[in-house]
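# Structure assessment
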Amino acid sequence: MAAAARVQCHNNTSLTGSPLPRRHRNSPTLHFSPNRVNFTPLKWIGSCTRMVPGPYLKGGTTTVRAAFEEEKKTDAVNEVVEEEKRSFTCVMKFGGSSVATAERMREVADLVLTFPEESPVIVLSAMGKTTNNLLLAGEKAVSCGVSNASEIEELSVIKELHLRTVKELEIDPSVVSSFLEELEQLLKGIAMMKELTLRTRDYLVSFGECLSTRIFAAYLNKIGVKARQYDAFEIGFITTDDFTNGDILEATYPAVAKRLYDDWMHDPAVPVVTGFLGKGWKTCAVTTLGRGGSDLTATTIGKALGLQEIQVWKDVDGVLTCDPTIYKRATPVPFLTFDEAAELAYFGAQVLHPQSMRPAREGGIPVRVKNSYNPKAPGTIITKTRDMTKTVLTSIVLKRNVTMLDIASTRMLGQVGFLAKVFSIFEDLEISVDVVATSEVSISLTLDPSKLWSRELIQQARDHVVEELEKIAVVNLAKGRAIISLIGNVQHSSLILERAFHVLWTKGINVQMISQGASKVNISLIVNDAEAEGCVEALHKSFFESGDLSELLIQPRLGNGSPVRTMQVDN
Ligand SMILES: Nc1ncnc2c1ncn2[C@@H]1O[C@H](COP(=O)(O)OP(=O)(O)O)[C@@H](O)[C@H]1O
Ligand SMILES: N[C@@H](CC(=O)OP(=O)(O)O)C(=O)O
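Residues numbered from 1 in each chain as written. Chains lettered and ligands numbered in written order. Predicted model: local features only at pLDDT ≥ 70, side-chain atom pairs only at ≥ 80, totals over all residues. Heavy atoms only, no water.

### Observations concerning the pairing of strand β2 (residues 120-124)
Operational definition: Partly exposed describes any residue whose relative accessible area lies between the buried limit of under 20% and the exposed limit of over 50%, with all areas from a 1.4 Å probe on protein chains only and scaled to the type maximum. Counting from the N terminus, the helices are DSSP H or I runs at least four residues long and the strands are E runs at least two residues long. Pairing between two strands requires that DSSP report at least two bridges joining them. Think of it like this: strands point away, you trace from the first strand over the helix to the second, and a clockwise trace means the crossover is right-handed.
Among the 5 residues of β2, 5 are classified as buried, and the element is accordingly described as predominantly covered. Here β2 shows no split at all, with Pro120, Ile122 and Leu124 on one side and Val121 and Val123 on the other all buried. Strand direction decides the pairing type here: strand β1 (residues 90-94) and β2, joined by 5 bridges, are parallel. Each residue of the ladder has a partner; that of Phe94, found in β2, is Leu124. A crossover links β1 with its parallel partner β2, the connecting element being helix α5 (residues 102-113), and its sense is right-handed. For β2 and strand β5 (residues 270-274), the ladder comprises 3 bridges, and the chain directions are parallel. Among the inter-strand pairings, Val123 is bridged to a residue of β5, identified as Val273.

Structure, rendered in structure tokens:
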């Protein structure tokens with residue numbers, strides 16, 4: 001509640017046009033020199049031009065830009081902009097694997113300090129597997145009985161990890177102890193209620209990021225780097241009330257920018273912000289942004305502050321040609337466009353959150369994916385455009401455990417009506433569809449299970465959708481499928497398909513469905529799940545390990561291998 005009031009108060013201040021307080025002109029500097037500036041205030045203003053929801057904006061139709069323009073007239077604000085120019089340069093987001101132990105936290109702190117020219121905003125995920133452990137603990141609490149809740153194994157693992165970390169970093173255990181006690185109480189509450197709603201689930205998992213950021217900020221302060229911890233839900237991260245999958249609302253950008261800049265100007269300190277979390281705009285309850293959502297937190301802050309760069313630090317050397325856990329000879333992809341990265345993430349590459357490219361694209365801010373275990377590796381840089389002349393394929397993505405539906409019209413509806421009806425059923429049941437192929441009287445599609453967190457929910461949703469579809473069509477449901485997405489330059493789709501089908505034909509694999517996205521960067525093939533890993537390996541060998549495919553773009557060959565004509569690649 002307090003945070004909601006604060007958000008509202010910030011925006012009201014802007015809207016009334018009352019001059020902002022005079023700032024300190026000579027803010028003390030940190031260990032970082034906050035001078036490397038290429039900051040364009042217009043970017044920030046630009047990010048504030050959209051309408052924000054009513055409760056945060058008195059007057060309804062006024063835009064934040066209008067309010068900001070008004071404010072700009074005052075000298076005080078011009079001074080503020082000058083101060084802002086001296087503040088943050090980039091966001092550095094560290095995922096769970098990067099901050100899994102005390103040792104890793106030390107290394108991450110060292111890493112941040114090796115960029116003295118940067119003045120970063122730091123975003124952290126929960127330590128290691130903490131989010132998974134919290135979810136498991138919650139599920140166990142539902143059925144274990146109140147008296148056993150304190151004994152849940154995952155609770156002990158979480159307590160042990162965080163207490164050991166504060167001990168090893170030699171910081172005050174009170175930084176985490178009250179949180180750990182509250183967590184135990186929460187699990188007892190779940191045990192008593194015998195239910196775990198999506199709202200409670202979000203509150204439960206929020207402990208992970210609340211703990212990791214408090215520890216890291218305390219450690220930075222201990223080593224002499226002035227830092228300030230922030231819970232994202234307290235500083236203006238406003239989301240829809242879709243628990244477990246909140247969508248960031250536009251009101252977030254001005255609110256977050258204002259809070260971080262205000263604090264910086266009063267008392268500069270490195271912000272350490274919880275990734276993954278937000279606050280539902282109607283319920284005011286803690287929400288989460290979907291698994292892996294800290295990437296989205298980072299890009300949102302990048303856009304809100306109009307920064308030069310957004311860095312996401314992982315445990316791999318950037319975005320790779322495929323998931324290295326599926327095929328270990330995957331290699332880094334040096335350059336990607338926002339479209340390629342978004343498609344790759346959407347189709348299941350765990351390395352980036354599916355929605356995370358949106359704020360970066362809107363703000364035109366490059367995203368760099370780096371390895372916190374190997375900082376010297378150049379990583380991947382993601383930008384709006386890149387030279388695609390020689391690009392055939394960029395990456396292969398595998399999404400497993402997919403359900404495919406073949407829906408054939410019973411001809412009670414015309415073709416247009418049929419498509420409309422089918423998709424309205426999916427809309428009503430709030431089920432996302434991944435890949436679609438249509439003919440005159442039938443549709444094949446795959447369901448996106450990522451928005452459903454538990455197996456029971458997936459089963460329920462499947463049953464429900466089939467029941468509804470059977471009112472207008474004959475439905476065949478096939479489980480155990482996988483989507484292999486070929487992300488690349490679909491200008492060369494014939495070459496990609498020729499290669500891919502040759503590889504799969506050689507392996508005796510039957511492709512069950514094929515679809516080319518309108519985004520022109522993705523071709524998806526549906527195969528049996530059991531065969532999918534072998535397919536990825538064979539495709540990787542053919543596309544990335546057997547010579548430079550771009551040569552084929554100049555000299556397309558006949559079946560017998562002889563060149564047919566020289567062609568120019570048009571991009
Ligand atoms: N194309 C890909 N490139 C790089 N990593 C990938 C890819 N596809 C899947 N991954 C997986 O994503 C992991 C990194 O993402 P993630 O676990 O979210 O990192 P973090 O927790 O540090 O944010 C890697 O360890 C790798 O197994
Ligand atoms: N801790 C959350 C959010 C997150 O982004 O994590 P990571 O950066 O470790 O993928 C999760 O596990 O989903």
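Still to come is the rest of the account.
### A short note on the site of ligand 1
Stated formally: We call a residue near a given molecule or strand whenever any one of its heavy atoms falls within 4 Å of it. Residue-level accessible areas treat just the shown protein chains as cover; the underlying method is Shrake-Rupley with a 1.4 Å probe. Throughout this entry, Asp, Glu, Lys and Arg are counted as charged residues, while Ala, Val, Leu, Ile, Met, Phe, Trp, Tyr, Cys and Pro are counted as nonpolar. The remaining residues, Gly among them, count as polar.
In the neighbourhood of ligand 1, 17 residues make up the surrounding shell, with Lys93, Ser97, Lys314, Asp315 and Leu320 lying closest. Summarising the interface, the protein chains cover 88% of the accessible area of ligand 1, which totals 570 Å² for the free molecule. The residue makeup of the shell around ligand 1, split by class, is 7 nonpolar, 6 polar and 4 charged.

### Some points on the packing of aromatic side chains
Basically, it comes down to this: Here a pair means two rings of Phe, Tyr or Trp (six-membered ring of Trp) with centres within 6.5 Å. Their orientation is stacked below 30 degrees between planes, edge-to-face above 60, and tilted elsewhere.
Tallying each qualifying case throughout the model produces 8 aromatic pairs. Between the aromatic rings of Phe88 and Trp264, the centroid separation amounts to 4.9 Å while the plane-to-plane angle is 65°, which identifies the pairing as edge-to-face. Separated by 176 residues along the polypeptide, Phe88 in the loop between α4 (75-85) and β1 and Trp264 in helix α10 (residues 252-266) bring together distant segments of the chain. The exposure class of Phe88 is buried, given its relative accessible area of 4%. Given the relative accessible area of 4%, Trp264 is considered buried. A connected cluster of aromatic rings, assembled from ring pairs, spans Phe88, Tyr261 and Trp264.

### Some points on the pattern of salt bridges
Our working definition: Salt bridges are counted wherever a side-chain nitrogen of Lys or Arg sits within 4 Å of a carboxyl oxygen of Asp or Glu.
This structure, assessed with the given rule, holds 25 salt bridges. Among the ionic pairs, Glu309 bridges to Arg368, the shortest N-O distance being 3.0 Å. With Glu309 in strand β8 (residues 309-314) and Arg368 in strand β10 (residues 367-371), this residue pair connects regions lying 59 residues apart in the sequence. The salt bridge partner of Glu340 is Arg386, with a shortest N-O separation of 2.8 Å. Residue Glu340 is found in helix α12 (residues 338-346), and its partner Arg386 is found in the loop between β11 (380-383) and β12 (393-409); the two are separated by 46 residues along the sequence. Relative accessible area serves as the criterion here: at 0%, Glu340 is assigned to the buried category. In the salt-bridge network here, residues are joined through shared partners; they are Lys93, Asp295 and Lys314.

### Re the site of ligand 2
Threshold: Two N or O atoms form a polar contact when they lie within 3.5 Å of each other; inside protein one atom must be a possible hydrogen donor and the other a possible acceptor, and for residues adjacent in sequence the pair counts only when both atoms belong to side chains.
Contacts to ligand 2 come from Lys93, Gly95, Gly96, Ser125, Ala126, Thr131, Glu209, Phe276, Arg291, Gly292, Gly293 and Ser294. Within the side chain of Glu209, a nitrogen or oxygen atom sits 2.7 Å from a nitrogen atom of ligand 2. The contact in question runs from an oxygen atom of ligand 2 to an N or O atom on the backbone of Gly293, over 3.3 Å. If ligand 2 stood free it would expose 330 Å²; the protein chains cover 84% of that surface. A breakdown of the residues in the shell around ligand 2 according to their chemical character gives 2 nonpolar, 7 polar and 3 charged.

### Structural notes on the packing of helix α6 (residues 130-144) against helix α9 (residues 198-222)
Quick reminder of the rule: For every element, the axis is a line fit to its C-alpha atoms; helices are fit only across the contacting stretch, and the angle between N-to-C directions ranges from 0 to 180 degrees. Crossings are assigned a handedness: left-handed for a near helix turned anticlockwise from the far helix by less than a right angle, right-handed for a clockwise turn. For this analysis, residues touch if any pair of their heavy atoms sits within 4.5 Å.
With their axes 9 Å apart at the nearest point, α6 and α9 run at an angle of 145° to one another. By crossing handedness, the relation of α6 to α9 is classed as right-handed. Every residue of α9 that contacts α6 at Thr130, Thr131, Leu134, Leu135, Gly138 and Glu139 is listed here: Arg201, Leu204, Val205, Phe207, Gly208 and Glu209. When grouped by side-chain class, the residues that make up the contact of α6 with α9 number 5 nonpolar, 4 polar and 3 charged.

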